[in-house]
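Now for the letters of each chain:
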Amino acid sequence: MNYSEFFAMRMELLILAVFLIVFLFDTFASASARKATTPLAIISFGIATIAGFFCCGETVTAFAGMYETSPVISAVKCILNVGAFIVLLQAVNWIDSEDASIRRGEFFELLFVTLFGMYLMISARHFLLFIIGLESASLPLAAMVAFNKNKYESHEAAVKYIFTAVFSSAIFMMGLSFVYALSGGSLYFADIADSIRFNTNSVLLITAVAFVIAGFGFKLSLVPFHLWTADVYQGAPTSVTSYLSVISKGSAAFAFLVVLCQVFGAVYSDVWEWMMYALIILTITIGNLFAIRQRNMKRFMAFSSVSQAGYIMLGIIAANVLGMTSMIFYILVYVFSNLAVFGVIQAIENKTGLVSMDDYKGLHKSNPWLSFAMTLAVFSLAGIPPFAGFFSKILIFTAATESGDVALYVLVLVSLINTIISLFYYLLVVKAMWISPDAPVVPSFRSSCLERVALWICTFGIILLGLVSCIYGYIYCVSSQAAADGFFMNLL
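Cut-off values and rules
Residues numbered from 1 in each chain as written. Predicted model: local features only at pLDDT ≥ 70, side-chain atom pairs only at ≥ 80, totals over all residues. Heavy atoms only, no water. Helix = DSSP H or I, 4+ residues; strand = E, 2+ residues; numbered from the N terminus. Rg over C-alpha atoms; globule rule 2.2 N^0.38 Å. Buried < 20%, exposed > 50% of the residue type's maximum accessible area, 1.4 Å probe, protein only. Contact = heavy atoms within 4.5 Å. Areas by Shrake-Rupley, 256 points an atom, 1.4 Å probe, with all protein chains shown as cover. Phe/Tyr/Trp six-rings, centres within 6.5 Å; stacked < 30°, edge-to-face > 60°. Core = buried A, V, L, I, M, F, W, Y, C linked by side-chain atoms within 4.5 Å. Axes fitted to C-alpha atoms, helices over the stretch in contact; angles between N-to-C directions. Parallel < 35°, antiparallel > 145°, perpendicular 65-115°, else oblique. Nonpolar A, V, L, I, M, F, W, Y, C, P; charged D, E, K, R; others polar. Salt bridge = Lys/Arg side-chain N within 4 Å of Asp/Glu carboxyl O. Polar contact = N/O pair within 3.5 Å; in protein donor to acceptor, adjacent residues only side chain to side chain. Expected span 1.5 Å × (residues − 1). Bend = angle between axes of the 7 residues up to and from the residue. Disulfide = S-S within 2.5 Å.

**Q** Kindly report on the overall build of the chain, identifying the contributing residues and their values.
**A** Helix and strand content of the chain: 19 helices and 2 strands. What you see for the chain is a C-alpha radius of gyration of 22 Å, in line with the 23 Å of a compact globule of 492 residues. Expressed along its principal axes, the backbone C-alpha trace of the chain runs to roughly 65 × 55 × 45 Å. Per-residue burial for the chain yields a buried fraction of 60% across its 492 residues. For the chain, contacts bridging at least 24 residues in sequence account for 81% of all contacts bridging at least 6. Total accessible area computed for the chain in this model is approximately 18000 Å², and 70% of it derives from carbon and sulfur atoms.

Structure, rendered in structure tokens:
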């Protein structure tokens, strides 16, 4: 093995360096000095995030083709880094609290390990490396969900999450075992794609694709694999919930696109296109209908994220350059919009412990800035112009209908109807904050400096992405380059 190939993993090496810095400091520093763990983690990861934007080189494969990096892969990793950095800023007030401060080092270390696993998932071109990344991203998250070990809800959420992760991985690997048999004993994406070209009508192959989609469905909270989502989101610490809803979902969505297009592209129109139709309609519709019934803000956002996952899947069903571009852009907008909502939820929860939607009545009277940030974020999630979420939805609908297939037009029509439903329940939050005549439940307070910085970043991102087209243009450029390099060549 040529050790120079490790330099292709520049972004993975950056996150490992940050992990080692935090781990060594947390292990060997004195008890009094460990208070500096939080700023050390944020500063070092901030530097790594900035450095990641300079790692977008040419397409490179390493380790006998098991690993691949390219400009589009680097762009997705940079988006994940930005989201994780915002989560860290929002988490400072909580992680430095009396209950959590004794384990602050573990929180940062677990988060960096999961991010490393997500990098491997995105860059893997061999299922062995993919599984290593999948488990590295999933198992530490169970410990993060259980981080508030003195709270029963956190324990319950962790148990549900770990069982879900185990069963979903088992189903996924069962599907891989079928694929391994069909491919003649190879786990390379390219080898499997070449082998199944001649077995497109195989019952074993159809079963394998269904199992693989089910395994990803658990990770992405697609209906009917979503039942763990609301309980885990409610029981986990809010910082972990925001990380689960955005970073974990974004990485899984892109990895899903890679696996479906590069491995199972030969059975696109015969098998997984129709499977995805059903999943998308169920996910968007059920996510919206159940969100209307929620009064707890974290459960409300759980079903909102279920619905948003359905919209993200429209980029996958398009299976073209515009679909990839729109999906990545949608994830980027979703990062800023969703983290803005969770930033407000966490700021209020840290100060008052209140998480019910009814507690937000009259919020604009006591905390106008938080009300403004929340309103901007939910308008973006609902797709109201001129905010970024409106353009992300328009673009992903356009991508889905580019082929001109009548079934895709019907799918987009159902999605548009659901967008109207989502507007209703998002406006319930706005109504509680701005229109309710009740006296404010949440007293006036000033959130911490870093919480305000995180909200400013999210607000700026929502506005900027709705006004500046060059970001979408860059994503389209790197997606086109990926297509030229053969990303979609296995699609039939």
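**Q** If you had to explain the packing of aromatic side chains to someone new, which residues and values would you point to?
**A** If you walk through the whole model with that rule in mind, you get 29 aromatic pairs. For the pair phenylalanine 178 and phenylalanine 211, a centre-to-centre distance of 5.9 Å together with 40° between the ring planes defines the contact as tilted. In this pair, phenylalanine 178 is assigned in helix α6 (residues 152-182) and phenylalanine 211 in helix α8 (residues 203-220), connecting sequence segments 33 residues apart. Taken together, a centroid distance of 5.5 Å and an interplanar angle of 90° make the contact between phenylalanine 329 and tyrosine 472 edge-to-face. Placement of phenylalanine 329 in helix α13 (residues 321-352) and of tyrosine 472 in helix α19 (residues 470-484) is noted, with a sequence separation of 143 residues between them. Both residues of the pair, phenylalanine 329 and tyrosine 472, belong to the buried class. Through a chain of ring-to-ring contacts, the aromatic side chains of Phe127, Phe130, Phe172, Phe189, Phe216 and Phe256 assemble into a single cluster.

**Q** Now, about the nonpolar core: what can you tell me, with residues and values included?
**A** Most often, soluble globular proteins keep nonpolar side chains buried together rather than apart. Counting residues in hydrophobic clusters, the biggest one holds 183 residues, and the most contacted among them are Phe107, Phe112, Phe254, Phe264 and Trp272. Here this core takes 20 residues from α13, the largest share from any one element. Beyond its immediate stretch of four places on either side in the chain, phenylalanine 264 contacts Val179, Ile196, Leu205, Val209, Val212, Val259 and Trp272.

**Q** Describe the packing of helix α12 (residues 297-318) against α13, naming the residues involved and giving the relevant values.
**A** With their axes 9 Å apart at the nearest point, α12 and α13 run at an angle of 175° to one another. Between α12 and α13, the interaxial angle falls into the category roughly antiparallel. On α13, the residues touching Met297, Lys298, Met301, Ser305, Gln308, Tyr311, Ile312, Gly315, Ile316 and Ala318 of α12 are Gly323, Met324, Met327, Tyr330, Ile331, Tyr334, Asn338, Val341, Phe342, Ile345 and Glu349. Across the contact of α12 with α13, the residue classes tally to 14 nonpolar, 5 polar and 2 charged.

**Q** So what about the pattern of salt bridges? Which residues, and what values?
**A** In total, this model carries 7 salt bridges according to the counting rule given. Where aspartate 231 meets lysine 160, a salt bridge forms, and the shortest distance between an N and an O atom there is 2.6 Å. Of this pair, aspartate 231 sits in helix α9 (residues 229-235) while lysine 160 sits in helix α6, and the two are 71 residues apart along the sequence. Classification of lysine 160 by relative accessible area gives partly exposed; the value is 27%. Between aspartate 231 and arginine 299 there is a salt bridge, and its shortest N-O distance comes to 2.9 Å. One end of the pair, aspartate 231, is in helix α9; the other, arginine 299, is in helix α12, with 68 residues separating them in the sequence. Taking relative accessible area as the criterion, aspartate 231 reaches 26% and is therefore assigned partly exposed. Through salt bridges with shared partners, one network takes in Glu156, Lys160, Asp231 and Arg299.

**Q** An account of the environment of glutamine 234 is requested, with residue identities and associated values reported.
**A** Mapped onto the elements, glutamine 234 comes out in helix α9. For the pair glutamine 234 and glycine 287, spaced 53 residues apart in the sequence, the C-alpha separation amounts to 16 Å. Residues in contact with glutamine 234, not counting those within four places in the same chain, are Asn296, Lys298 and Arg299. Among the polar contacts listed, one links the side chain of glutamine 234 to the side chain of arginine 299, at a separation of 2.9 Å.

**Q** Tell me about helix α3 (residues 71-95), and name the residues and values.
**A** With 25 residues, α3 extends 34 Å between its outermost C-alpha atoms, agreeing within 8% with the 36 Å of an ideal straight helix rising 1.5 Å per residue. Its axis deflected by about 30° at leucine 89, α3 carries its strongest bend there.

**Q** How would you explain the side chain of glutamine 90 if you had to name every residue and give the values?
**A** Residue position: glutamine 90 is located in helix α3. The exposure class assigned to glutamine 90 is buried, which follows from its relative accessible area of 2%. The contact partners of glutamine 90, leaving out residues within four places of it in the chain, are Ser239, Ser242, Leu339, Gly343, Gln346, Glu451 and Ala454.

**Q** Hey, could you go over the environment of isoleucine 15 for me, with residue numbers and the actual values?
**A** Among the structural elements, isoleucine 15 can be located in helix α1 (residues 10-28). Linking isoleucine 15 and leucine 115, residues 100 residues apart in sequence, is a C-alpha distance of 7.8 Å. What isoleucine 15 contacts, discounting residues up to four positions off in sequence, is Phe45, Phe112, Leu115, Phe116 and Tyr119.

**Q** Give a detailed account of the state of the cysteines, specifying residues and quantitative values.
**A** This structure, assessed with the given rule, holds 0 disulfides. Free cysteine cysteine 261: the closest other cysteine sulfur is in cysteine 477, separated by 19 Å.

**Q** Explain unusual backbone geometry to me, and be specific about the residues and the numbers.
**A** Following valine 223, the chain continues to proline 224 via a peptide bond in cis, the omega torsion being 10°. By the element assignment, proline 224 lies in the loop between α8 and α9. Residue proline 386 is reached from proline 385 by a cis peptide bond, and omega for that bond is 5°. In this fold, proline 386 is placed in the loop between α15 (368-382) and α16 (388-400). Even without a glycine there, the phi angle at alanine 64 is positive, about 60°. Structurally, alanine 64 can be placed in the loop between β1 (60-62) and β2 (67-69). Although it is not a glycine, alanine 319 sits at a positive phi angle of roughly 55°.

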